[in-house]
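# Observations on the model geometry
Take a look at the letters that make up each chain.
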Amino acid sequence: MKHFTSVHDVPNLETLVQDALALKKAPYQHKTLGENKTLGLIFMNPSLRTRLSTQKAAMNLGMQVMVMNLDKEGWAIETKDGVIMNGTTVEHIKDAAGAMGQYCDIIGLRSFPKLQSREEDYAEEMLTMFKQYAGVPILSLESATRHPLQSLADLMTIRENAPQNKRPKVVLTWAPHIKPIPQCVANSFAEWMGNTDVELVITHPEGYELSEEFTAGASIEYNQDKALADADFVYVKNWSSYQDYGKVLSAGENWMITNEKMALTNNGKVMHCLPVRRGLELSYEVLDGPDSLVMNQAENRLYAAQAVLKSILSDL
Amino acid sequence: MKHFTSVHDVPNLETLVQDALALKKAPYQHKTLGENKTLGLIFMNPSLRTRLSTQKAAMNLGMQVMVMNLDKEGWAIETKDGVIMNGTTVEHIKDAAGAMGQYCDIIGLRSFPKLQSREEDYAEEMLTMFKQYAGVPILSLESATRHPLQSLADLMTIRENAPQNKRPKVVLTWAPHIKPIPQCVANSFAEWMGNTDVELVITHPEGYELSEEFTAGASIEYNQDKALADADFVYVKNWSSYQDYGKVLSAGENWMITNEKMALTNNGKVMHCLPVRRGLELSYEVLDGPDSLVMNQAENRLYAAQAVLKSILSDL
Amino acid sequence: MKHFTSVHDVPNLETLVQDALALKKAPYQHKTLGENKTLGLIFMNPSLRTRLSTQKAAMNLGMQVMVMNLDKEGWAIETKDGVIMNGTTVEHIKDAAGAMGQYCDIIGLRSFPKLQSREEDYAEEMLTMFKQYAGVPILSLESATRHPLQSLADLMTIRENAPQNKRPKVVLTWAPHIKPIPQCVANSFAEWMGNTDVELVITHPEGYELSEEFTAGASIEYNQDKALADADFVYVKNWSSYQDYGKVLSAGENWMITNEKMALTNNGKVMHCLPVRRGLELSYEVLDGPDSLVMNQAENRLYAAQAVLKSILSDL
């Protein structure tokens, strides 16, 4: 594997998941694989889990890690080609990415969407240009439209908790929030589930339909209760509208998952990528209850990152 | 030892001090103790000495270190239980601490007081909840009411410079400052001295009495000259009022320690945790003179942290 | 070598360049040299290349690295001696540098000029005082008036691409910019070229004469075309006026290097330290063309830093 920016970069999904589960059992078996290799983690936005889990994963493989908060420790990057740089941007991405590629064997990049122009965000300029100009493998730490590291951890978690003798019914449910949130986690989760043997149902108020690029194969159900019936996994996530791009269309009263709603499921488990706004996006009772897999997901972020880095290192 | 957030977490104070002094002589004897173990340093406020000395200490023991400035690289954390998170806080401490505990074997936390509500600051919510939810040992890097790493380094320094054949007289003296400063360093120093065989005298203008929780066993003397008489150690520190919480009550003219005041002591040594406002909190002449132990303290911060980490690692 | 803050700190320039070129061929031959040694990188200003290349260089030598953004993670430092610190500064450099020297075996420092007072900037207070008070070797990561790491990388690049049987003609040319930029890179480049066997021509609009402290031995040519004639290397850099300190005197139309201007040279190569404002400071066509050595320079920053650290470590 070279780049890891979406499920399409993965040669064999099953192999990757099994590799991650194996690393979870024995994290330190490959401490020489990353010897003399450096991972550069470039953050353009805040991060807690990705920042810590990916560093730890790299160090488990014997890599060195360098972290840079480009928004605070660097300067504004230009992505448009051919423009005269006499404004706010200080360095062109061709040069910035090229320079970083001189010092890092693998570069991780977190770059949120602006949520202004759908065309611009979904062009994934920053990520695409890093892949083009850095000269080294790029690992997405969350981009405008996807979050594959999260999705791999989510798939691991589903694999570990799947019901016996039943094709899992996985429900991706929209949740309330006060701010416009990117669609990247929802997109990515739907996309990875679409590449796995599960029944995926996506439920949300009207107007929150995700791009079909990611939801092919899933059924859409506007009635949350109907969607939750017999579910094995309930994946909770807010996202702003893709259709009316970046907008918060409704307060979503009654959309927060509670014990009462979970009673509709097949002893379903609840998932969320975190951070989560308790009491608004997801209820305290569910988060603190026996059906929550949220900490399992957080734990699996480490081994997901480690499996990805192991694969990239093996092919360097 | 599991957590290290106050003197009460230390099974044997003398052992810890001796361990730190031994590490100072041979810092690299235990380079495999921390192998495959990770220290996560979480800062909610600025730091120079703690940031650098604690990283170095961990690396001396073979640990990996990950540093995160939660205030700048993360987001606002909710500590109240059960509230609907529809405001400024982005993640609940239950989830944030739980997630960090997935990637770190030990977590260091720096969390200053707000100096608004005494009740809130002295409840030490952030620290308490990290201990409750992280699932791993918590190392205080300075909390609202204590700074035990500093106090251990201070105790080492006193031990190294103690007068022969005399129970040391240690004077904790208030000093002038222009801003409201937390009581944590003063509290912690008084508390550690209370657990050591020294005579502790605390001197300050009226209105600056520290909480008796920390000063039990010490005598209070409002006349600084009287307090300084025959002192072996003069520990200088500003703090805002605990009684009239968070207030700066007086400019404290004549309270700054000078050579003239030091002449009252028993060839006393001067101590300060740094940072210090020269010429206001403590005089240039004393800081640059032969009686200053300030750099010794700074040096000992490294071995204090290393002794604490060594103890925690040994019990993991 | 102890400190590395200018060309004058280098015992033998040729040896250092050859060492750097050798490290480029075999970067991991000295992995035990830096064992148990710590490099502290202290940034008072943003940085991309220096931040990443210097960390990587240190790790190649087996050093541990600690990075601190003093402007964001620390506090305001006082440099004036004897002042009463009752204003915005929180710690005196005597104490800050002294403390850092307790935890780091080598300290790297980046401290930009304020571009207000020429006297103040050229006194290089911050750098000078770090050398005086840290107690350990200081490595300049770019100071108010110099950038020796960049210059060493530049010299390596020139050495690698020098024309056969010709004393290289090197042209340092001013370039347009919208903001006042320090003279440090230009000063340093001129100074290092002055210590090498090349013909150095400096070309710029009138009013942009650099301090003769750095340009001794070079010829000044106000006509850029005349300067470029037969050049082997064209080093492009903007700087604000030294004479009319910190001012941007002219928009510099027609000063940007293009293919047309490069046609005047002797198949000359183009150099820039980055970051560069494309289309303003230097043309896209030249930067993306076959004559650009900009990425070679970026790559050589790693081995330049490694050679310097190797030399300092060997003398510790």
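The structure contained in this document is the topic of the report that follows. (Residues numbered from 1 in each chain as written. Chains lettered and ligands numbered in written order. Predicted model: local features only at pLDDT ≥ 70, side-chain atom pairs only at ≥ 80, totals over all residues. Heavy atoms only, no water.)

### Topic: the interface of chain C and chain B
What counts is decided by this rule: Two residues qualify as a contact provided that any one of their heavy atoms is within 4.5 Å of a heavy atom in the partner residue. Buried surface area refers to the total accessible area, computed with a probe of radius 1.4 Å, that the two partners give up upon joining, counted for both partners together. One side-chain nitrogen of Lys or Arg within 4 Å of one carboxyl oxygen of Asp or Glu is enough to make a salt bridge. Think of a polar contact as two N or O atoms within 3.5 Å of one another; within protein, one of them needs to be a possible hydrogen donor and the other a possible acceptor, and neighboring residues in sequence only count if both atoms come from side chains. Numbered from the N terminus, helices here are DSSP runs of H or I no shorter than four residues, and strands are runs of E no shorter than two. Three residue categories are used. Nonpolar comprises Ala, Val, Leu, Ile, Met, Phe, Trp, Tyr, Cys and Pro, charged comprises Asp, Glu, Lys and Arg, and polar comprises the others, including Gly.
The interface of chain C with chain B comprises 33 residues on the first partner and 29 residues on the second. With both sides pooled, the region where chain C packs onto chain B buries about 2,800 Å², and carbon together with sulfur makes up 59% of that total. Inspection of the chain C/chain B interface yields 4 salt bridges. B:Arg278 is paired through a salt bridge with C:Asp95; the nearest N and O atoms lie 2.8 Å apart. Our enumeration of links across chain C and chain B arrives at 17 residue pairs in polar contact (both at pLDDT 80 or more). Looking at the side of chain C that touches chain B, the elements that each hand over two or more residues are strand E2 (64–69), helix H3 (70–73), strand E4 (91–92) and helix H4 (93–103) of chain C. It is H4(C) that contributes the most residues to the side of chain C that touches chain B, 8 residues altogether. Considered class by class, the residues forming the side of chain C that touches chain B number 13 nonpolar, 12 polar and 8 charged.

### Points about the pattern of salt bridges
How we decide: Under the scheme applied here, a residue whose accessible area is under 20% of the maximum for its type counts as buried, over 50% as exposed, and between as partly exposed, the area being computed with a 1.4 Å probe on protein chains only.
Enumeration according to the criterion identifies 57 salt bridges over all chains in this entry. Among the ionic pairs, A:Lys72 bridges to A:Asp71, the shortest N-O distance being 3.0 Å. We classify A:Lys72 as partly exposed; its relative accessible area is 28%. Of the charged contacts in the structure, one is a salt bridge between B:Glu120 and B:Lys114, with a shortest N-O distance of 3.0 Å. Residue classification places B:Glu120 among the partly exposed residues on the basis of a relative accessible area of 34%. On the basis of relative accessibility, which here comes to 58%, the residue B:Lys114 falls in the exposed class. Each of the salt bridges in this network shares a partner with another, and the network as a whole consists of A:Asp81, A:Lys94, A:Asp95, C:Arg278 and C:Asp288.

### Quick look at the packing of aromatic side chains
Operational definition: Two rings from Phe, Tyr or Trp (for Trp, the six-membered ring) form a pair when their centres are within 6.5 Å of each other. A pair whose planes differ by under 30 degrees is stacked, one over 60 is edge-to-face, and the rest are tilted. By the criterion adopted, a ring carries a charge over it if an Arg CZ or a Lys NZ lies within 6 Å of its centre and within 35 degrees of its normal.
All told, the structure shown has 21 aromatic pairs over all chains when counted by the stated rule. A centroid spacing of 3.9 Å and a plane angle of 20 degrees characterise the contact between C:Phe189 and C:Tyr235, whose relative ring orientation is stacked. In this pair, C:Phe189 is assigned in helix H8 (residues 184–194) and C:Tyr235 in strand E10 (residues 233–237), connecting sequence segments 46 residues apart. An aromatic cluster is defined as three or more aromatic residues linked by ring pairs; in this entry it consists of A:Tyr122, A:Phe214, A:Tyr242 and A:Tyr245. Cation over ring: A:Arg118 sits above A:Tyr242, and NZ or CZ is 3.9 Å from the ring centre. One cation-aromatic arrangement involves B:Arg51 over B:Phe43; the distance from NZ or CZ to the ring centre is 4.4 Å.

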